[in-house]
Amino acid sequence: MTASPVVAERRRETRRVRVVSLILLALVVALFALSLSYGSFQISLPDIVRSLLGQPTPPQVDYIVHTLRLPRAVVAVLVGLAFGLAGAIFQQLVRNPLASPDVIGVTAGASSAAVLAIAILSVSSLTASAMALGGALLTSALVYVLSWRQGVGGYRLVLVGIGVGAALASVTSFLLTRADVRTAQDSLIWLVGSLNGRTWDQVKPLSVAMLILVPAALILRRAVAGLQLGDDVAKGLGMNVERNRLALLVVGVCLAGVATAAAGPVAFVAFMSSPIAVRLIGTGRPTLLPAGLIGAVVVLAADFIGAHLVGGTPYPAGVITGVVGAPYLLWLLATANRTGRGG
Amino acid sequence: MPAPSTLQAEGLSLGYGDRRVVTDLTLEIPRGKVTVIVGPNACGKSTFLRGLARLLPPSAGAVLLDGKSIHAAPSREVALKLGILPQGPIAPDGITVTDLVSRGRHPHQGMFRRWTADDDNAVAAALSATGTLELAARGVDELSGGQRQRVWIAMALAQRTGILLLDEPTTYLDVTHQVEVLDLLVDLNEAEGATVVMVLHELNLAARYADHLIVMKSGAVVTAGEPSAVLTESVVEEVFSMRCRVVPDPVSRTPMIVPIGRHRSGDAR
Ligand SMILES: Nc1ncnc2c1ncn2[C@@H]1O[C@H](COP(=O)(O)OP(=O)(O)O)[C@@H](O)[C@H]1O
Ligand SMILES: [Mg+2]
């Protein structure tokens, strides 16, 4: 007997994941280069490369690249990657496309904490980031506890999460009414999700967190593959279900939390990325990295479109992703019960 | 495949929260034999099987695998000796047959042990044993109920354990596919000497395919042993609250239950 059909099929699926990932990576690089080059002051690609390599460049180029555009583009990539990974982890773990951190209140919790930090307490941006992360962790613990009934069912988690998210949104609004007008306006832009004015101050804590969280997420990919089969099958295969699920949830919440801390709750990036990745890959394999790359593409593209392509006033990235994501959310909500896939 | 381990329950009690479902159960699963568990709905068959497979921690007593508590052993080591196919598993959206069956190799891989030719061979052997090799590239969503059930069994086979537990592997299948699946499990038992334990709904097929029959009612074992010794008219009446005749199965000579209802049951009424 020959194993060739199995070998061929596994090879096909692996190749598919690789090809899609490479194409997405190329897209990320292209959009990254575009956002460094395009703007009121155009910089040619060779000049960008020279500037990045520390070679001599025309005047102003170094300043524009290193101080204005590079941190913004790096934050866009990392935030997109984080949201995409976080969404994929949640959705594939709970087996419900609605169970994404931006739908079930996790980013809303991070936002409330961040607004409290920025607009009321006026703390440093590093402290604000830490508070946003804490807000995300606290909120998810709350959602988890409220929806726990001998295990967490998909739909209960989503409903409780949407409720908690709504409650937190009103907490955020209340905090804004207490804030001084100018900081309140800053907070409002931040609440939409914006990359405007990102500096190395945001890049540093974000990249440190991502250096830990991305490898952790990729190591846990195997656990996602087991947990996708349901608790009993996964346990039967020798997995420690509770420990792996907790690890995945913590990593997912931290990803969503640090991303929100850096750029605000950029609407629906976490929610959209994984379904797009699943479509592109077209098999049931866990799609963490492709979802992360799609997140990066979406945030880079949304920031670019918002900044340069829609009329005179620049729009924050979150407005663009919101316009795309909201109809998709409504469509999912409208069809979830009919297809019976809600869980 | 390793020689099958021994599997015993000792004073085993299982439940959910405060609710006891299985109480103080002591028995030994015959090694290298086909054991079938029968009993009325909700009597605790699935709960018992899940307990045997360490999916549910005991509220009292223990399950012993090779003489040692199965809950104390590292879960991955247990997964190399004992496989379980729970009742009504749900496949992830869009997963292919090859991918699903490949996941049965999980306990054979570690953090650092990558996929090897052995794994390919085990998956191919499982597909071929279940007659699903030609479905290798298909999506599980697109399969018929019978094909899907065989693919799940292939996933459990790919785990290559000496003991295989299956919860209602024939439910929702038409009778042709039921017989096919049961024959397949007996093949496995005869070819590899595997211990097979399964819950079955259909009494006559249970009597035909079991070397050892366990009859449960309300979380306790009423009787256990060879089907011809165990399945008497009085046992069926007591356990299933149904009058019946037991006659020899004209094909297999095992006991065959012929139910007696209020209508159309001739003089037996
Ligand atoms: N996850 C669960 N939580 C609470 N009760 C359960 C659960 N699973 C089964 N039960 C209860 O335990 C009893 C036995 O169920 P089960 O073992 O599935 O029976 P069977 O497989 O014989 O039909 C039933 O009354 C059922 O309602
Ligand atoms: Mg059952």
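Preceding this section is the structure that the text describes.
(A) Seen up close, the site of ligand 1. Close to ligand 1 lie twelve residues; Arg19, Ala42, Lys45, Ser46 and Thr47 of chain B are nearest. What surrounds ligand 1 is not a single chain but chains A and B. In this structure, arginine 19 of chain B approaches ligand 1 through a side-chain N or O atom, which is 2.8 Å from an oxygen atom. At 3.2 Å from an oxygen atom of ligand 1 is found a main-chain nitrogen or oxygen belonging to cysteine 43 of chain B. Surface burial for ligand 1 is 65%, taken as the share of its 550 Å² of free accessible area covered by protein chains. Taken together, the elements giving at least two residues each to the shell around ligand 1 come down to β2 (19–29) and α1 (45–52) of chain B. In terms of residue count, the dominant contributor to the shell around ligand 1 is α1 of chain B (three residues).

(B) Looking closely at the packing of helix α2 (residues 45–52) of chain A against helix α3 (residues 61–94) of chain A. Residue and element names in this part refer to chain A. Relative to each other, α2 and α3 sit at 80 degrees, their axes nearing to 10 Å. Viewed along their axes, α2 and α3 adopt a mutual orientation that is roughly perpendicular. Residue-level inspection shows Asp47, Ser51 and Leu52 of α2 in contact with α3, the latter providing Val61, Asp62, Val65, His66 and Leu70. Looking at the contact of α2 with α3 residue by residue, the classes come out as four nonpolar, two polar and two charged.

(C) Region of the structure containing the sheet that holds strand β7 (residues 163–167) of chain B. Residues and elements named next belong to chain B. The six strands lie next to each other as β6-β7-β8-β3-β9-β10, forming an open sheet whose pairing is mixed. Edge positions in the sheet fall to β6 (82–85) and β10 (220–225), since each has one partner strand and no second. The sheet shows a mean angle of 15 degrees between the axes of neighbouring strands, direction not considered. In this structure, β6 lies alongside β7, joined through four bridges in parallel fashion. Within β7, the position partnered with leucine 82 by the bridge is isoleucine 163. The strands touched by helix α6 (residues 175–192) within the sheet are β3 (34–38), β7 and β8 (195–199), with β8 carrying the most contacts at an inclination of about 155 degrees.

(D) Region of the structure containing the pairing of β8 of chain B. Residues and elements named next belong to chain B. Along β8, five of the five residues are buried, which leaves the element largely enclosed by surrounding structure. Where burial is concerned, the two faces of β8 agree: the one with Thr195, Val197 and Val199 and the one with Val196 and Met198 are both buried. Where β3 lies against β8, four bridges are found, and the strand directions are parallel. Across the sheet, the residue bridging to isoleucine 37 is valine 199, located in β8. Both β7 and β8 contribute to a ladder of five bridges, which runs parallel. From the neighbouring strand, leucine 165 faces β8, where its bridge partner is valine 197. Of the crossover connections in this fold, the one passing from β7 over α6 to the parallel β8 is right-handed.

Procedures and definitions
Residues numbered from 1 in each chain as written. Chains lettered and ligands numbered in written order. Predicted model: local features only at pLDDT ≥ 70, side-chain atom pairs only at ≥ 80, totals over all residues. Heavy atoms only, no water. Near = heavy atom within 4 Å. Polar contact = N/O pair within 3.5 Å; in protein donor to acceptor, adjacent residues only side chain to side chain. Areas by Shrake-Rupley, 256 points an atom, 1.4 Å probe, with all protein chains shown as cover. Helix = DSSP H or I, 4+ residues; strand = E, 2+ residues; numbered from the N terminus. Axes fitted to C-alpha atoms, helices over the stretch in contact; angles between N-to-C directions. Parallel < 35°, antiparallel > 145°, perpendicular 65-115°, else oblique. Contact = heavy atoms within 4.5 Å. Nonpolar A, V, L, I, M, F, W, Y, C, P; charged D, E, K, R; others polar. Pairing = 2+ DSSP bridges. Buried < 20%, exposed > 50% of the residue type's maximum accessible area, 1.4 Å probe, protein only. Right-handed = clockwise from strand over helix to strand, strands pointing away.

Functional significance is not addressed by these values, which are geometric in nature.
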